[in-house]
Amino acid sequence: MSSYLTDVQGAESIPYRFERTHAALEISQLFGEVQPGESTGHTVSVAGRVMLLRVQGKVAFAKLVDSSGSIQLFVQHGVTDGFERFCKLSLGDWIGARGEVMRTRRGELSIKVVDFVVLAKAEASFGDKWKGISDPDIRWRQREVDLWSSKTSRNTLFKRFEMERLTRQWLFDQGFVEVETPILHQVAGGALAKPFVTHHNALGEDLYLRIAPELYLKRLVVGGFEKVFEIGRVFRNEGLSPRHNPEFTMLELYEAYADYTDMMSLTEELIAYLSIQLSDGPVVSYQGRELKLAPPWRRVTLLELVEEKLGSAVDLSMPLEELRSLSRKAGVRVEEWWGPGKIVLEIYEQLIESELWGPVFVCDYPEEVSPLARAHRSKPAMTERFEAIVAGRELANAFSELGDPIEQRKRFERQLSMRARGDEEAMSMDESYIRALEHGLPPTAGLGIGMDRLAMLLTDTSNIREVIAFPTLRKTPD
RNA sequence: GCGCCUCUAGCUCAACGGCAGAGCAACGGACUCUUAAUCCGCAGGUUGGGGGUUCGAAUCCCCCGGGGCGCACCA
């Protein structure tokens, strides 16, 4: 706090650093008891953006906003060095100011500014000082403006990042190790989705941006990492929507010696914990409806739901024609090459999933549509897999992992034949993964959670862009 | 990718077939305790772009572009 620059003309007068002593919030916490008209004798330095400026002749008031909150600056002719320059500041300018903490006669805690320095000029406006920016085009394309001018936007995004921090913390406490695995894949595996393709010049090879970290994470388990997780970006070449961004963040975790029932407990406990930390408790309101996230969550099998919906017994071993006609009767059209598992899944996804408010664990998915999940220990043609459904959407997907390399090869081969029949999202053969399994994967359970979707849930937002700092947009027109 | 809606001053919005306007911001001025300060003054536009209908288009029609929502796909 030695010397302040006093010349605001031009960028060369902007200092390289500013020593501030207090955040705005700290001042109101420390000096809350000061009475109207009273001065404290305490000199502080603050920094932030001028968001309101009321010049009244030989005195002026400004609202200075920083990341903690805001504080009023009281500026007076004869007291403030550079009073006239202060009065000419633009809304949005960053300044650093030094002065005594006091409360005005009208009762507003303020800093009686002795001197100040411009830290950045704001040439562009932050919009209407009352209404801010509401044009969604500007909100997404110039997100910094939205984040600055909308406290709601800022809080939502902050909460999303806080959620990731809490998740890491919680998983560390459970003994998980955080790892990183490749994003550039030679084979895009681990999920059913279309990948982005890129090219490596020196290798002369096309590479894929990962659609899931799953296979590499299980290879780490083979390598001796018994409890691992990764929170990372995955990329899927699909359309944009209020619930889809082409790059999004996935939590995947794998635990040796565990099965899918362990993953159910872990899922409900983690999400209830996040809800308690980020909201007031395990009950949140989502889009006007109440969600009770406290464990235990309801558990129901996929087949039970389908039977209930269709009003008749359904079994994967029933004649295919019978199943097809049941499906058509329910209004779900079936492709010629679908097996019973795919038909049942389609009925569930088209007629049931969106109606489940949850939270609920939908358990036991057909092997036909679960190429990486281990066969169910007692139900033929089924796997030990569940999806957690909350607010009508899949929030988590988990299973007892398939560790048998021979069976895995068969599953991949079935995927290849589906790809040959035109399913662009079917998996490819991954020889490296099979080789890894040949060294032995212990009984392992895995879980994947879409972090963006989870953040939407916990921040009560209906557009995924709200929880992404810079969402993917169409190219700006010239 | 398809359908519906939308785009007016820097921002938020009016005008909905008959002279493109207001508030805020900007700019000039007054004001020594304001709270979205107030008051006076002054500016601000190819109404997203292009074409058409009409005596006359921000307004009606067509094409293109951006955005929003829904469908499809998925998480």
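Source: prediction; values computed, not measured.

Visitor: A description of the protein's contact with RNA strand B should follow, citing residues and the corresponding values.
Guide: As a structural note, the neighbourhood of RNA strand B is formed by 45 residues, with Arg54, Arg106, His244, Arg453 and Arg465 the closest of them. For RNA strand B, the fraction of protein-proximal atoms (within 4 Å) that sit in sugar or phosphate groups is 59%. In this structure, a sugar or linking oxygen belonging to RNA strand B sits 2.7 Å away from a main-chain N or O atom of Glu394. Put simply, the parts of the chain that give the surface near RNA strand B at least two residues each are strand E1 (39–56), strand E2 (59–66), strand E3 (69–76) and helix H3 (136–141). Counted by class, the surface near RNA strand B contains 14 nonpolar, twelve polar and 19 charged residues.

Visitor: How would you explain helix H5 (residues 151–173) if you had to name every residue and give the values?
Guide: Relative to the 33 Å expected for 23 residues at 1.5 Å per residue, H5 spans 32 Å between its end C-alpha atoms, a close match to the ideal helical length. Among the residues of H5, Ser153, Thr156, Leu157, Arg160, Met163, Glu164, Leu166, Thr167, Trp170 and Leu171 are the ones counted as buried. Buried residues belonging to H5 abut H3, helix H4 (143–149), strand E10 (227–235), strand E11 (247–256), helix H7 (260–278) and helix H13 (451–459). In the segment just after H5, Gly175 is the residue with positive phi, at about 90°.

Visitor: Could you give an account of a positive patch on the surface, naming the residues involved and the relevant values?
Guide: On the surface, Arg54, Lys63, Lys129, Lys151 and Arg154 cluster together into a positively charged patch. With respect to the helices, strands and loops of the structure, Lys129 is situated in the loop between strand E5 (109–120) and H3.

Visitor: So, the side chain of Thr301: which residues are in play, and what are the values?
Guide: One can find Thr301 in strand E14 (residues 298–301). Dropping the residues within four chain positions of it, Thr301 is found in contact with Cys363, Asp364 and Lys379.

Procedures and definitions
- In this convention, every chain numbers its residues from 1, walking through the sequence in written order.
- Chains carry letters from A onward and ligands carry numbers from 1 onward, assigned in written order.
- With pLDDT at 70 or above as the cut-off, local features in this predicted model cover only qualifying residues; side-chain atom pairs require 80 or more to be listed or tallied, and sums for whole chains, interfaces and linings still use all residues.
- Where side-chain values are given, they derive from all heavy atoms of the structure, hydrogens and water being excluded.
- Only a single heavy atom is needed: when it lies within 4 Å of a molecule or strand, its residue is near that molecule or strand.
- N or O atoms within 3.5 Å of each other form a polar contact, as long as, within protein, one can give a hydrogen and the other can take it, and as long as residues adjacent in sequence are counted only when both atoms are side-chain atoms.
- Helical segments are the DSSP runs of H or I of at least four residues, strand segments are the runs of E of at least two, and each set is numbered from the N terminus.
- Under this grouping Gly is polar, as are all residues other than the nonpolar Ala, Val, Leu, Ile, Met, Phe, Trp, Tyr, Cys and Pro and the charged Asp, Glu, Lys and Arg.
- Every helix has an expected span of 1.5 Å times one less than the residues it contains.
- Relative accessible area decides the class of each residue, using a 1.4 Å probe on protein chains only: under 20% of the type maximum gives buried, over 50% gives exposed, and in between gives partly exposed.
- Whether two residues touch is decided by their heavy atoms; if any such pair falls within 4.5 Å, the residues are in contact.
- Patch membership requires over 30% relative accessible area and the absence of a salt bridge. Like charges are linked within 9 Å, and nonpolar side chains (Val, Leu, Ile, Met, Phe, Trp, Tyr) within 5 Å.
- All accessibility values rest on the Shrake-Rupley procedure with a 1.4 Å probe; residue burial counts only the protein chains present in the view.
- Any carboxyl oxygen of Asp or Glu that lies within 4 Å of a side-chain nitrogen of Lys or Arg is treated as forming a salt bridge with it.
- When charges are tallied, Lys and Arg are placed among the positive residues and Asp and Glu among the negative ones, while His and the ends of the chain are skipped.
- In this description, the location of a charge corresponds to atom NZ of lysine, CZ of arginine, CG of aspartate or CD of glutamate.

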